[in-house]
Structures are given as C-alpha cells and as structure tokens.
Amino acid sequence: MFTNSTSVTTIEAFILEQESRYPEATGELSNLLYDIALAAKIIAAAIRRAGLVNILGSIGQKNVQGEEQQKLDVFANETIIKAVDHGGRLCAMASEEVEGIIPIPENFKCGKYCLLFDPLDGSSNIDVNVPVGTVFSIVQKITRGRHGEMEDLLQPGRRQVAAGYVIYGSSTMLVYTTGQGAHGFTLDPSIGEFLLSHPNIRTPDEGQFLSVNDSYEQYWDEPTKKLMRRYRGLEGDRRHLTVRYVGSLVADFHRNLLGGGVFCYPHSRKSPQGKLRLLYEANPLAFICEQAGGAAIDGKTRLLDVQPTDLHQRTPLFMGSKSDVDLALQTFAHHSELVGA
Ligand code: FDP
C-alpha cells in the first residue's frame, strides 16, 4: 500500500497505520517513536554543519552567535533526552554516554517504557565525513514502582518492543521495527519529514559482504581464524565474500542489511568480550536484522536470548545474512574454547 509513484507516506502516518492494527494500543509507543524521529532530525541538522566547525568555531570555543560549541556526541545525548523525557511514556533511560540509569525528572509523568540508546555511534568518524549513527532500543517496564529500575533495563533482547537506528550519511535514514518487519524512512530535508523509502526490508539469505577489522587477526583464536578463512573462500567450498569495513557500526550494518553480508566483531585476546555494547548497539540491530530475515549470535547463542547483567556490557557479535551467520554457528559449535565465552 505504501510506495508507488503517486503516494508519499510520512513516518507519522506509517506508525499510526501500524498502531491501528492493534485495537488495544494506547499510542504511547507511537508517540515515543515520533519523539525519537524528531531528535534524529535535530541531530542530523547539527551533523550537517559539523564540517563547518573550523569556520564557525571549534568545540569548546564560542561560535559566531557567541554560543559555546558542544561535542556532537554530548549534543546528541542531550537532544534525545530532552526530546523524550517529558512525554510521560518513559520510566527510565540508559545511554552510552551516561554511567548509570537516567531517571525521568520528578516533575514529569512516568510511563511504561524504557529507552536505551547510543546517541552518536562512531562519532570519531565525523571529522573525516564518514557516516555515523544513533541506535535505540525500547523495552517495557517489568517492575512495579513508578520509576524504572536496573531490572527493567537489563532485559534480554527478545523482550524489545521496538528498536531502530538512524544513519547520518549522504542522506539521513531512520530504520525501525516494532516486530512487524523492518521499515526504512529517508529524511527529505526540504520538507523536514522522514518518508517511507524502504518498506519491509528483507536482507538476502546469502551475503556479499564481510565486515570485520582483521587487524586483530593476531589476537583471534583458531576457530575465529578458520571462520574468516571460510568467509574469504580460502577454506571449504563456499563462494568468497567481499570485504567492506567502514568502522562505523551503523554504516557497516546498514550496507549489509540492504546488500547482504555479515558483520563480525569477534571476541579476541585483546577484547575477550568483543567491543560492542549488548543493550544499545547489538540488541537493537539484532532485532532489526531478524525482522529482515537475518540472524545475530554472540558466537554460540542467539543474541536476543542473552540475559544481560550490566548496563554497558560488551558482546562478541556475528550478525547479518542467515547462511553466513549459520556458518559462524557451525564453526564455533565444534569448539568449546572460545576466548571470552
Ligand atoms: P567507534 O569506536 O569509532 O565509536 O561502537 C564503537 C565503534 O566505533 C563502532 O561504531 C565500530 O563498528 C567499532 O567501534 C569499530 O571498532 P574497531 O576500530 O576496533 O574496528
């Protein structure tokens, strides 16, 4: 129904249409998603100006209007918090930028959802004009009190009720799921609206791309090295994958989601638990990946089944096209000595 040359669907209309399929829906989740989309537009506008920083004043200096320039990741963090904290939909938040729980201020109503997010992933790439992203995950509160507690935030990924990411690239795109497929929206900057551009994204069963930082090969265990040889067609009888690694998670994930491929950030002697964060990087992307027909594991276990124990815990990650992730599962199944497992 949504895309043909004569119809344009805004993200608001799409969210509303999805909500109408559930008569019991209160609209709270929809409103929360709008608020996140608004924050994404504000962050996108700031990122577009980032290249002008040398002209307009660098971080920590005053800009031409006499305002203090903020670091973009701090700005993104505050923008998201301000966009969502007062709507009465959330009871707690967690961010990559903040050590503990971010509470809802006392003067605002608390709701039934918790938001976990990475406000600006790959922010070191901004200086060199490489795409960066925002990643978010929403779970429902399980404790009884008014405010959300750590237990509410530490839920396995399969309990996510919604998740998404925004990629600030040559265009800004927001991709999200509420468990009814993964849908992508492109920001039309001339009207300031996210328009449905990629309904019901399906990732190919067999990928084209391998995304891994192989400068860490010296720290990998034998099964990981074997897996990479298999992906490259140096061992076994599979066709080889082509290597693409931006080093900006959302950019690597987004390319592989659309084109097919596997993103790997393995455990290693250097990073026994991998590098990426389970709750606000790996889980939301894993939810989207599964909704698009792909898979995500930590080496041995479906990622969405991992029980978190810490807000900022890291996880090894193998995520993308199903047959490529299956190969990782098979390769590691025969080895009990995974570093970090
Ligand atoms: P960054 O350190 O630049 O913020 O989550 C952090 C992240 O980037 C991901 O975006 C990226 O996929 C990964 O780290 C890159 O890590 P390596 O440099 O170790 O490959």
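All residue numbers refer to position in the chain's written sequence, counted from 1. Only residues with pLDDT of 70 or above have their local features reported here, since the model is predicted, and side-chain atom pairs are shown and tallied only from 80 upward, although totals for entire chains, interfaces and linings are computed over all residues. Excluded from the side-chain calculation are hydrogens and water; included are all heavy atoms of the structure.

Trainee: Can you help me understand helix 4 (residues 72-84) in this one?
Mentor: Given 3.6 residues per turn, any residue in an α-helix points the same way as the ones three and four places further on. Here helix 4 spans 18 Å end to end across 13 residues, near enough to the 18 Å set by a 1.5 Å rise per residue. Among the residues of helix 4, L72, D73, A76, N77, T79, I80, I81, A83 and V84 are the ones counted as buried. The elements touched by buried residues of helix 4 are helix 2 (28-48), strand 1 (90-95), strand 2 (102-103), strand 3 (113-121) and strand 4 (132-140). Each helix is a run of DSSP H or I of at least 4 residues and each strand a run of E of at least 2, with the numbering of both proceeding from the N terminus. By this rule the span expected of a helix is its residue count minus one, scaled by 1.5 Å. Think of it in three bands: with a 1.4 Å probe and only protein chains considered, a residue is buried below 20% of the maximum accessible area for its type, exposed above 50%, and partly exposed in between. Contacts between residues were defined by any pair of non-hydrogen atoms, one from each residue, lying within 4.5 Å.

Trainee: Sorry, what's going on with the nonpolar core here?
Mentor: As a rule of thumb, soluble globular proteins bury nonpolar side chains together. Ranked by internal contacts, the top residues of the largest apolar core, which has 54 residues, are M93, L115, L120, I138 and Y168. Among the elements that line this core, the one with the most residues is helix 2, at 11 residues. Not counting residues within four places of it along the chain, the set of residues in contact with Y168 comprises A40, I43, A44, I47, L120, P131, V132, G133 and T134. Judged by nonpolar contacts, the second largest core, of 28 residues, contains I167, A251, F263 and V306. For the purposes of this section, nonpolar cores are sets of buried Ala, Val, Leu, Ile, Met, Phe, Trp, Tyr and Cys residues that join through side-chain atoms within 4.5 Å.

Trainee: Looking at this model, I keep getting lost on the side chain of N283. Mind explaining?
Mentor: Within the element layout of this structure, N283 appears in helix 8 (residues 278-291). Residues contacting N283, with those up to four places away along its chain left out, are P156, G157, Q160, L278, L303 and L304.

Trainee: In this structure, what is going on with the pattern of salt bridges? I would like to understand it.
Mentor: Between side chains of opposite charge, a pair can form as their charged atoms come close. Any Lys or Arg side-chain nitrogen located within 4 Å of an Asp or Glu carboxyl oxygen qualifies as a salt bridge. Considering all chains together, one arrives at 15 salt bridges under this definition. The partner of D214 in a salt bridge is R232, with the nearest N and O atoms 2.6 Å apart. Residue D214 is found in the loop between strand 9 (209-211) and helix 6 (222-231), and its partner R232 is found in the loop between helix 6 and strand 10 (242-243); the two are separated by 18 residues along the sequence. Taking the shortest distance from any N to any O, the salt bridge between R229 and E235 comes out at 2.8 Å. Because the salt bridges share partners, they merge into one network encompassing R158, E290, R302 and D305.

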